[in-house]
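# Descriptive analysis of the structure
Listed here are the chains, written in short residue letters.
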Amino acid sequence: MIDSHTALVGTPEEVIEQVQFNRDLIGEHEPSMQINFGGIKDREAFRTLELFAARVMPHFQTPVASEPQPKNSNITAKRSKSTKL
Amino acid sequence: MRFGLNFFPSFRLQDMSTAEYYALGLRLSERADELGYASIKTVEHYFHDYGGHSPNPIVLLSAIAARTRRIRLITGAVIPAFNNPIKLAGELAMLDNISNGRLDAGFGRAFIPKEFDVFKVSMEESRARFEEGIDIITRLWTEERVSYDGKFHSFRDVRLMPRPVQKPHPPIWIAAVASKESFIWAGRHGYHIMIVPFASNLDLVRELVQSYRDAWREAGHPPGAEQIQSSLHCYVAETHQEAMEGFKRPVERYIEVFAEAVSSWAGQQSNQYAGYSKLVDAISALTAEKDDRQSHRAGWNA
């Protein structure tokens, strides 16, 4: 799920890359995030909530055009970039 | 860019109680409202640990409305096929009033065979019931008095109460998962979409979303005004290792209860649900992967 970009998992820096990957793929969108799935309790759910708000959200304040990048844009390059972080 | 939360219960009672789950959701909602999150979504499902702790999203969203000031509240989704749409129109309008205009009304067709069995609704009729339900609800919201002669519902001279706060009516969102027809239908009607990329592949997600945007534009709706919510699991920690380890147990629980809920798909074929047997196969493959991993003591890499 992480490799297929259907989950946002990692440090705030890793999650920024994952959000950006999805944004490049489908264009402007609102991630609707499950942070309390599978029996996750307060400590972990609030940790995700706070870290995401403090360190991921500020990177996405500037609006961009709603169109995704052209098909065949270089997804592999983005993926290798994200693994460096 | 906006970010929202999605409360989709997927726990078992040995993990936590239902009351604990709701209480946590309310506390998270209060804080999310302060932190600038854009929306909170809940679901309508039945009879399984996959979603079944939320048979009516309007109830939990009403409690959240009372504890928040600005965050949007989205039914993700309510199912017209399992509700009387006249009653549903009034209940959604109540939530729009309780929240003073913060309702995003999301509708779905449902896809779990057990739910259709119990409510004695044919899966073959789900699209027709869904489309008629939304038609009835938007007319009741926007017209002073409505008479309707549909395939499933007919009524005369009805004035809906209460009236929604948002004019002409609350934004309408469509749950679109694997049926291309749903994406195109939503775009053509100028509705926003809620997608679930989980268990799909990236090329397909890109293609479905593009067909939605194309249908939106071709129907003459203003380009760029379309909205897309994408449902994703999210687990953040200070270190990579902590995140990977923390994500593993709850996501395995999620996949386990999801597989259980869709197991009634075994042997089902429906031309109304093209693409769904692939989705179910993908979920089953994930649980098989998990079993395989556990037997080999390998790390999480789904």
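Residues numbered from 1 in each chain as written. Chains lettered and ligands numbered in written order. Predicted model: local features only at pLDDT ≥ 70, side-chain atom pairs only at ≥ 80, totals over all residues.

What follows covers the overall build of chain B. Within chain B, the secondary structure is distributed over 9 helices and 9 strands. Here chain B holds 302 residues, and 44% of them are scored as buried. Within chain B, counting contacts between residues at least 6 apart in sequence, those at least 24 apart form 69% of the total. (Helix = DSSP H or I, 4+ residues; strand = E, 2+ residues; numbered from the N terminus. Buried ≥ 20, exposed ≤ 12 C-beta atoms within 10 Å, placed from the backbone. Contact = placed C-beta atoms within 7 Å.)

Moving on, we get to the nonpolar core. Residues and elements named next belong to chain B. The biggest cluster of nonpolar side chains holds 99 residues, and the ones touching the most others in it are Ala89, Ile174, Ala176 and Ile193. Among the elements that line this core, the one with the most residues is helix H8 (residues 240-262), at 9 residues. Looking at which domains feed residues into this core, each of domain 1 (4-170) and domain 2 (234-302) supplies at least three. In contact with isoleucine 174, other than residues within four places in its own chain, are Phe107, Ser182, Ala186, Tyr191, Ile193 and Met194. (Core = buried A, V, L, I, M, F, W, Y, C linked by C-beta atoms within 7 Å. Domains from an automatic or database assignment.)

Turning our eyes to something else, we now look at the packing of helix H1 (residues 12-26) of chain A against helix H2 (residues 42-56) of chain A. Residue and element names in this part refer to chain A. It is the contact of H1 with H2, at a shortest axis distance of 10 Å, that shows an interaxial angle of 70°. Classed by the angle they form, the pair H1 and H2 counts as roughly perpendicular. Contacts from Pro12, Val15, Ile16 and Val19 of H1 reach H2 at Leu51, Phe52, Arg55 and Val56. (Axes fitted to C-alpha atoms, helices over the stretch in contact; angles between N-to-C directions. Parallel < 35°, antiparallel > 145°, perpendicular 65-115°, else oblique.)

Right, let's get into the confidence of the model for chain B. When pLDDT drops low, the exact placement of atoms in the prediction is not to be read closely. Residue and element names in this part refer to chain B. Looking at chain B, the pLDDT average stands at 91 and 88% of residues meet or exceed 70. Predicted confidence is poor over residues 293-302, with pLDDT under 50, and the contacts of this stretch with residues over four places away or in other chains come to 6 contacts. Quick note on the complex model: pTM equals 0.88, ipTM equals 0.90. (pLDDT = per-residue confidence, 0-100.)

All names here are of chain B. Counting buried positions over the 5 residues of strand S7 (residues 172-176) gives 4, a clear majority of the element. Of the pairings in the sheet, the one linking strand S4 (residues 103-107) to S7 comprises 3 bridges and is parallel in character. In the strand pairing of S7, glycine 106 is matched with tryptophan 173. Inspection of the sheet shows S7 paired to strand S8 (residues 192-195) by 4 bridges, in the parallel sense. Across the sheet, residue tryptophan 173 finds its bridge partner in S8, namely histidine 192. (Pairing = 2+ DSSP bridges.)

By convention, interface size is frequently given as the accessible area that disappears when the constituent parts associate. Residues and elements named next belong to chain B. According to the domain assignment, chain B contains domain 1 (4-170) and domain 2 (234-302). Across the contact, 15 residues belong to domain 1 and 14 residues belong to domain 2. Looking at the side of domain 1 that touches domain 2, the elements that each hand over two or more residues are helix H4 (113-119) and helix H5 (126-142). Partitioning the side of domain 1 that touches domain 2 into residue classes produces 6 nonpolar, 3 polar and 6 charged. (Nonpolar A, V, L, I, M, F, W, Y, C, P; charged D, E, K, R; others polar.)

Once that is clear, we can look at the environment of tyrosine 273 of chain B. Of note, tyrosine 273 of chain B is situated in the loop between H8 and helix H9 (276-296). Here tyrosine 273 of chain B is in contact with Phe111, Met123 and Ser179 of chain B, once residues within four sequence places are set aside.

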